[in-house]
Amino acid sequence: MIFWSWQKKKVGLVLGGGVARGVAHIGVIKVLRSHKVPIDYIAATSAGSLVGAVYAAGMDISLLEEIVQRIKWNDFLRFTLFRPGFMSSAAIEDFVIKYIGDIDFKDLKLPFACVATDIRTGERVVINQGKVARAVAASATFPGVFAPETFEGKYLIDGGIASNVPVDTAREMGADYVIASDVVPEKTINVLPKEAMQVFGRALDLVLKKMQREEAARADTLVELTMEEEDIWHLDFHKARKLIAAGEVAAHRLIHKIRQDLRLKA
């Protein structure tokens, strides 16, 4: 006689890049928590790394929600001279330290890894040891804006170039079931861009969406952000509340599937 038993799956949460739109990840996490979906690993890129690191450190999601509603683009401005970038990534590092301290990966409450890109080879670089704040800064160094970060002999830029929705990283960490949150909108924009940064941002979205499609499709559940009423651009930190709400809506669409897949009790 053969006995079959259900083995609890290890769940990996993937938080993709998207600058200010990374705030929407908070809405996704809120829904997962409210439905008691377990999170065993977090893999993140760029803006997702900021949210992922703070959450992995143990910060309550409601407090994180309050913090992001006070964030301004100026919080990350620290101009630098004679380096290949207008701003220093040290501002990102300081932001993380302000809220979770200058801790190591081993001090986190949840296993966490963030992804950066080696500017020499274009290869994905997974960082899961050392100082968390420095790793997040390396993952979020938007090329041309922030100066690249030197890390263990590598010259690193934003992880979105190599792996904007790092599903494979979550699998490598040990996840059997991967929930990926993608905050790069799929739908056509509602209004034509009015500023140079919006034109650049929209072009970047189109490129990222094509580059990440294959890896994102390897998630067991892909939560995709949609902005039905208005476009929210890369630097729209002042629209944090709307982004969180959009993240909640996107997660609610798939929460029944997630609960069924994981066989969670009502």
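From a predicted model like this one, the values you see are computed outputs, not experimental measurements.

(A) Just the pairing of strand S4 (residues 124–127), in detail. Of the two faces of S4, only the one carrying Val125 and Ile127 is buried; Arg124 and Val126 on the other face are not. Sheet analysis places strand S3 (residues 112–118) next to S4, joined by four bridges and oriented antiparallel. Counterpart to valine 115 in the pairing with S4 is valine 126. The hairpin formed by S3 and S4 contains five residues between the paired strands, and glycine 122 there has a positive phi angle of roughly 80°.

(B) Quick peek at the packing of helix H1 (residues 24–34) against helix H9 (residues 240–262). Between H1 and H9, the least distance of the axes is 7 Å, while the angle of their chain directions is 40°. Classified by the angle their axes make, H1 and H9 are oblique. Remark: the crossing between H1 and H9 carries right-handed chirality. Residues Ala24, Ile26, Gly27, Val28, Lys30, Val31 and Leu32 of H1 touch H9, and the partners they reach there are Leu243, Ile244, Gly247, Glu248, Ala251, His252, Ile255 and Ile258. Residues belonging to the contact of H1 with H9 are distributed by class as follows: ten nonpolar, three polar and two charged.

(C) Structural context of the side chain of glutamine 212. Here glutamine 212 is to be found in helix H8 (residues 196–216). What glutamine 212 contacts, discounting residues up to four positions off in sequence, is Asn164, Val165, Asp182 and Val184.

(D) Seen up close, unusual backbone geometry. Phi at valine 19 takes a positive value of approximately 55°, unusual for a residue other than glycine. By secondary structure assignment, the location of valine 19 is in the loop between strand S1 (11–15) and H1. With a phi angle near 55°, serine 46 is a residue other than glycine that sits in the positive phi range. Structurally, serine 46 can be placed in the loop between strand S2 (41–45) and helix H2 (47–56).

Rules and cut-offs
- Residues numbered from 1 in each chain as written.
- Predicted model: local features only at pLDDT ≥ 70, side-chain atom pairs only at ≥ 80, totals over all residues.
- Heavy atoms only, no water.
- Buried < 20%, exposed > 50% of the residue type's maximum accessible area, 1.4 Å probe, protein only.
- Helix = DSSP H or I, 4+ residues; strand = E, 2+ residues; numbered from the N terminus.
- Pairing = 2+ DSSP bridges.
- Axes fitted to C-alpha atoms, helices over the stretch in contact; angles between N-to-C directions.
- Parallel < 35°, antiparallel > 145°, perpendicular 65-115°, else oblique.
- Left-handed = near helix turned anticlockwise from the far one by under 90°.
- Contact = heavy atoms within 4.5 Å.
- Nonpolar A, V, L, I, M, F, W, Y, C, P; charged D, E, K, R; others polar.

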